[in-house]
Each structure stands twice: as structure tokens, then as C-alpha cells.
Amino acid sequence: MNKPEQDSLKWTEFYGYAEDIGDNRGYTIGIFGATTGGSNDTGPDGPDLFKAFDAASGASNPSIAGGLTRAGLKGKMSGSILKLSDSDSVIKKKINALQNNEAWREAMWRTFYDTYIEYSVQQAQKRGFNTALTIGSFVDTALNQGATGDSGSLEGILSRSGSSTNEKKFMTSFYAKRTLVVDTNDYNQPPNGKNRVKQWSSLLASGETDLKNADAAVIKATNWELK
């Protein structure tokens, strides 16, 4: 997942990452790219991340404002969107300073799980699928395109992927359906989206479904140039 997100396999180095990448989703933050929201993301997960940070830091009544204060940032909610009022350099500096903060890391994983992983696992198990590759494919889709909602979300793509109980057949269809939309709606800059999906489909084709001892296969699957 970190290849198309950060162009790196060293995902643990990005807890303190923050950048406005110009995709109209506000700031992209951390290992899974939590966003503060914008015209292309009216249901961002960044606010939940800051609230979770406040909770993980010991707040008795956790809030978004509390999490921002702990991070040393200023901002307020505008509807569902978090508007940060600090300068770009300050935002990056303050988030980067949280790289090794244990409460921040806990908040990152709690938000990642609650927003994307739990739903993805449920959708896999609902279809009788339990492999790491299928769950990972669903999680990657959810964090890139949204877990639920419109036709481009994980929910939307699953609804068009058929009803086969054969995991390989279902996932082949799933990858084909995702490929059609992954480079639209600013999800990814073409052709990064298609390469993003190809990573997973190539691992399926090579039989790496449990992802155990799969380092060499993962390196091979991610050996493409991020545009």
C-alpha cells in the first residue's frame, strides 16, 4: 500500500508525514493518508485521527480540538471538513514531530482500523474469503477510494464484482472493475492507479495469497515507477 501512497516500502517512516498533494482532499497525513477534507473528500478521516490522538493521550472527553492542541496545531471544523489555519511549513513540522509519539501511532492504527480495516475484513469474510491478499486488496481500495459511498468506493466496486464463491475468480473480477475507476476522480494520477491494482493482481497470479515469506514477490510487484 505504501508504494502508491509514498513511493516507498519503508512504511514505518511515515507516521509523521503531512502534505497537501493538491487532490482537493486537504492535507494527507500519516501511514494511510488520513485527510482533512475538501471538495473531493467531504467525509474525511483526519478529524477522527485527531480525536483519537486526544483519546490515546489520556483525555477524559476526547475532541478534535483537543487533538489539534496536543499536536500544536490550530484549526476548526467547517461542516465535516477540518480547516487547518497554520502555515504549510508549520503543519508539516508539527506532524513530523509526532513520528515517534506512541499515542499518535496508537491513534493512527485505531483510526485506520475503525475506518478501513474492520469493514474490509467484514466484506471478505461475508463472502467466505480470509486470505491476507484479499483483505489487503480491500483495505487498499477502501483507503484509496473510500470504504462506502459512491460507485468508486470499495462498497461500490464489490457490488459490481459478481457473486462467485471462488476467491480467485471473484478477485480477478474485482481487480478488473477497480481498474476501470482507479485513475478517475483524482484517486490516483494516471497510470499510478492501474499499476496500484496490478500489484495485487500480480501477487494473486503468482499464488502469493497468504503473503507469508513474500518479501521478494512484493518487491517485484512494486517495481514500477510512480508518476
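In this text, all values refer to a predicted model and were calculated from it rather than measured experimentally.

(A) Main features of the environment of V121. Position of V121 relative to the elements: it lies in helix α5 (residues 102-126). Using a relative accessible area of 22% as the deciding quantity, one classes V121 as partly exposed. For the pair V121 and T222, spaced 101 residues apart in the sequence, the C-alpha separation amounts to 23 Å.

(B) Representation of unusual backbone geometry within the structure. Along the chain, P190 connects to P191 via a cis peptide bond; the corresponding omega equals 0°. Take P191: it is sitting in the loop between α8 (167-181) and α9 (192-205). The residue N24 is not glycine, and still its phi comes out positive at about 60°. Despite not being glycine, N185 shows a phi value in the positive range, around 55°. Residue position: N185 is located in the loop between α8 and α9. On the basis of relative accessibility, which here comes to 40%, the residue N185 falls in the partly exposed class.

(C) Highlighting the pairing of strand β5 (residues 81-84). Sheet analysis places strand β4 (residues 75-78) next to β5, joined by 4 bridges and oriented antiparallel. Considered in β5, the bridge of M77 is made with L82. Counted between consecutive antiparallel strands, the loop separating β4 from β5 contains 2 residues, among which G79 sits at a positive phi close to 70°.

(D) The packing of helix α6 (residues 132-145) against α8, seen in detail. At a closest axis distance of 11 Å, the pairing of α6 and α8 adopts a crossing angle of 20°. Taken together, the axes of α6 and α8 are roughly parallel relative to one another. Helix-helix and strand crossings are classified by hand; for α6 and α8 the assignment is left-handed. When α6 is examined against α8, the residues L133, T134, S137, F138, D140, T141, N144 and Q145 are found in contact with a partner set consisting of E167, F170, M171, F174, Y175, R178 and V181. Looking at the contact of α6 with α8, its residues break down into 7 nonpolar, 5 polar and 3 charged.

(E) Inspection of α8 at higher detail. With 15 residues, α8 should reach 21 Å at 1.5 Å per residue; the first-to-last C-alpha distance of 22 Å fits that figure. The backbone nitrogen of K168 has a side-chain oxygen 3.2 Å away, supplied by the residue at the start of α8, namely N166.

(F) Highlighting the packing of aromatic side chains. Taken as a whole and assessed by the stated rule, the structure comprises 12 aromatic pairs. On the basis of an interplanar angle of 75° and a centroid distance of 6.3 Å, the ring pair of F14 and Y17 is categorised as edge-to-face. Neither residue differs from the other here; F14 and Y17 are each classed as buried. With a centroid separation of 5.2 Å and an interplanar angle of 90°, the aromatic rings of F53 and W104 are classed as edge-to-face. Separated by 51 residues along the polypeptide, F53 in helix α2 (residues 46-56) and W104 in helix α5 bring together distant segments of the chain. On the basis of relative accessible area, F53 is assigned to the buried category, the value being 2%. Among the residues examined, W104 registers a relative accessible area of 0% and is labelled buried. Through pairs of rings, three or more aromatic residues link up here, namely W11, Y15, F32, W109, F112 and Y116. Over the face of the ring belonging to W224 we find K3, whose NZ or CZ atom lies 5.1 Å from the ring centre.

(G) How the structure looks around the nonpolar core. In this structure, I29, F50, I95, W104, F138, F174 and Y175 are the most contacted members of the largest nonpolar core, which totals 53 residues. The element contributing the most residues to this core is α5, with 9 residues. When near neighbours in sequence (up to four residues on either side) are disregarded, W104 contacts Y15, I29, L49, F50, F53, I95 and L98.

Calculation criteria
Residues numbered from 1 in each chain as written. Predicted model: local features only at pLDDT ≥ 70, side-chain atom pairs only at ≥ 80, totals over all residues. Heavy atoms only, no water. Helix = DSSP H or I, 4+ residues; strand = E, 2+ residues; numbered from the N terminus. Buried < 20%, exposed > 50% of the residue type's maximum accessible area, 1.4 Å probe, protein only. Pairing = 2+ DSSP bridges. Axes fitted to C-alpha atoms, helices over the stretch in contact; angles between N-to-C directions. Parallel < 35°, antiparallel > 145°, perpendicular 65-115°, else oblique. Left-handed = near helix turned anticlockwise from the far one by under 90°. Contact = heavy atoms within 4.5 Å. Nonpolar A, V, L, I, M, F, W, Y, C, P; charged D, E, K, R; others polar. Expected span 1.5 Å × (residues − 1). Polar contact = N/O pair within 3.5 Å; in protein donor to acceptor, adjacent residues only side chain to side chain. Phe/Tyr/Trp six-rings, centres within 6.5 Å; stacked < 30°, edge-to-face > 60°. Lys NZ or Arg CZ within 6 Å of the ring centre and 35° of its normal. Core = buried A, V, L, I, M, F, W, Y, C linked by side-chain atoms within 4.5 Å.

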